[in-house]
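# Examining the three-dimensional arrangement
Below are the chains, spelled out letter by letter.
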Amino acid sequence: MGNKGSKTEEALKLLKGAYEIRTPEDSRTYYKDFSKHYDETFVKQLAYIYPKRVAEEFFAHFGGRYGTICDIGCGTGLVGQELRYLNANVVIDGVDISQEMIAVAQKKNIYINFYELDLTKPILGVPTDYAALISSGTFTHGHLGPEILVSLLSLCRDNALLTVGVNESHYRDKGFEKALNEMQDASRIKMIKVSKQTIYSSQNATDLEGNSTALICTFTKDGISNKIQE
């Protein structure tokens, strides 16, 4: 019992450390060590269901689209696993800043191509005709802000589907709603839905206060107009 408690404490400590990241270099350094026990310590101990919820929301709107899906901030491949579980035929590429996290994802044989990128810089050497983008756990404290959403549109074909999970307090603090509305007003995107979901199913995650929920934002690049729901 004590061992389980210590593992949970370690998982919470790891998560708090991730929230304290300030620069892309911090991310590389932090995830170099985190990658070794991310799935075992963090995912299992906190019952991290966020990737599953994002994947489910994604497929609720994917429809008859065909083509490759790009997983932004793929990490150890958790979203890819959920996508494959829901549809064994999907083709997925992964993008992440951490070479070590990518190395873990590679072993799962889910993704076709990987791109090690710092998304705060110009995006080079990546396809620009993705049918869809998905992201879970990357738009959060110490990581990516709403300004990156505009850059990601350059990776998509017209009418591509984008489902992006955003930590709820980060969503409020960084003005994601305002950014999404501005993108829609500029005819860059069409919002489909904003859905509030729980990130963890473990009771231990109640210690995270305002960081236990996310807003999953789904929209299309110049796609069909739908009403935002919350």
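Residues numbered from 1 in each chain as written. Predicted model: local features only at pLDDT ≥ 70, side-chain atom pairs only at ≥ 80, totals over all residues. Heavy atoms only, no water.

With that out of the way, let us pick up the environment of Asn 109. Along the polypeptide, Asn 109 turns up in the loop between helix H6 (99-106) and strand S3 (114-116). In this structure, the C-alpha to C-alpha distance between Asn 109 and Gly 77, residues 32 residues apart in sequence, is 9.4 Å. (Helix = DSSP H or I, 4+ residues; strand = E, 2+ residues; numbered from the N terminus.)

The predicted model of the chain has a mean per-residue pLDDT of 83, with 73% of residues at 70 or higher. Confidence over residues 223-230 falls short of pLDDT 50; this stretch has 20 contacts with residues more than four positions distant or in other chains. (pLDDT = per-residue confidence, 0-100. Contact = heavy atoms within 4.5 Å.)

Quick look at the environment of Arg 172 now. Residue position: Arg 172 is located in helix H8 (residues 168-173). Sequence-wise, Arg 172 and Leu 215 are 43 residues apart; in three dimensions their C-alpha atoms are separated by 9.9 Å.

In any sheet, the strands associate via hydrogen bonds between backbone groups, in a parallel or an antiparallel arrangement. In spatial order, the strands read S3-S2-S1-S4-S5-S7-S6; together these 7 strands make up an open sheet with mixed pairing. The open sheet has two edge strands with one neighbour each: S3 and strand S6 (189-198). The average angle at which neighbouring strand axes cross in this sheet is 15°, direction not considered. Pairing analysis gives 9 bridges linking S6 to strand S7 (residues 213-221), with the strands arranged antiparallel. What sits directly across from Lys 193, in S7, is Thr 218. Packed onto the sheet, helix H4 (residues 50-62) meets strand S1 (69-72), strand S4 (130-139), strand S5 (156-167), S6 and S7 and runs at close to 155° relative to S4. (Pairing = 2+ DSSP bridges. Axes fitted to C-alpha atoms, helices over the stretch in contact; angles between N-to-C directions.)

With that settled, consider the environment of Asp 96. When you line up the elements, Asp 96 lands in strand S2 (residues 92-96). Separated by 23 residues in sequence, Asp 96 and Leu 119 have C-alpha atoms that sit 8.5 Å apart. Contact partners of Asp 96, with chain neighbours within four places excluded, come to Gly 73, Cys 74, Gly 75, Met 101, Ile 102, Tyr 115, Glu 116 and Leu 117. Only 2.8 Å separates the side chain of Asp 96 from the backbone nitrogen of Gly 75, close enough to count as a polar contact. Here Ser 98 takes part through its backbone nitrogen, which lies 2.9 Å from a polar atom of the side chain of Asp 96. (Polar contact = N/O pair within 3.5 Å; in protein donor to acceptor, adjacent residues only side chain to side chain.)

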